[in-house]
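Descriptive analysis of the structure
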Amino acid sequence: MIQNAKLSTVRDSAILTTSYVAGTVVDTEGIRNQIMIYADFTLGSLTDAQIKVEFSRDGATYYQETFSSISSGTDTLSLGVHKMTATGLYRIALDVMDRYVKISAIGTGTTTSSLLAIKTNVGEV
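Below, the structure is looked at part by part. (Residues numbered from 1 in each chain as written. Predicted model: local features only at pLDDT ≥ 70, side-chain atom pairs only at ≥ 80, totals over all residues. Heavy atoms only, no water.)

What about the packing of aromatic side chains?
- Counted by the stated rule, this structure contains zero aromatic pairs.
- Directly above the ring of Tyr20 sits Lys52, whose terminal nitrogen or CZ lies 4.4 Å from the centroid.
- A cation over a ring is seen here: Lys102 above Tyr62, with NZ or CZ 4.3 Å from the ring centre. (Phe/Tyr/Trp six-rings, centres within 6.5 Å; stacked < 30°, edge-to-face > 60°. Lys NZ or Arg CZ within 6 Å of the ring centre and 35° of its normal.)

This is the structure we're talking about:
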């Protein structure tokens, strides 16, 4: 059962840029556990769009989401982004232990006719 859920708009629907633009920082105070990111994306003339997620305990120092790849007993870490290559409604589920979550977006290619809106839902599961 989901408890204490809070829906927030991080980014209103707008044309993407070719540099990362951060949306409104999400404050998870009192309801840290799970965050759902809802991205409503229109590709337009872009090659793709990317969403970068960063976490902070204090609102000043942010740590980017990290992805892991294991091969031959070695765990290789890399700074992660979520890439979207087609128009659609995307849902990204993440665990949260930090108070602040910053979500940024960038477009690759020609930004004509592209759109991206981002909402979040933070709650305890």
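Quick word on the sheet that holds strand β10 (residues 88-95)
- Spatially, four strands are ordered β1-β12-β4-β10 in an open sheet, and the strand pairing comes out antiparallel. Two strands bound the open sheet, and with one partner strand each, they are β1 (3-14) and β10. Across the sheet, the mean angle from the axis of one strand to that of its neighbour is 15 degrees, orientation sign disregarded.
- Here strand β4 (residues 34-42) runs beside β10; their pairing, made up of eight bridges, is antiparallel. (Pairing = 2+ DSSP bridges. Helix = DSSP H or I, 4+ residues; strand = E, 2+ residues; numbered from the N terminus. Axes fitted to C-alpha atoms, helices over the stretch in contact; angles between N-to-C directions.)

Here's the deal with the environment of Leu77
- Structurally, the position occupied by Leu77 is in strand β8 (residues 74-79).
- Residue class for Leu77 comes out exposed when judged on its relative accessible area of 56%.
- In this structure the C-alpha to C-alpha distance between Leu77 and Phe67, which are 10 residues apart in sequence, comes to 5.7 Å.
- Aside from chain neighbours lying at most four places away, what touches Leu77 is Thr66, Phe67 and Ser68. (Buried < 20%, exposed > 50% of the residue type's maximum accessible area, 1.4 Å probe, protein only. Contact = heavy atoms within 4.5 Å.)

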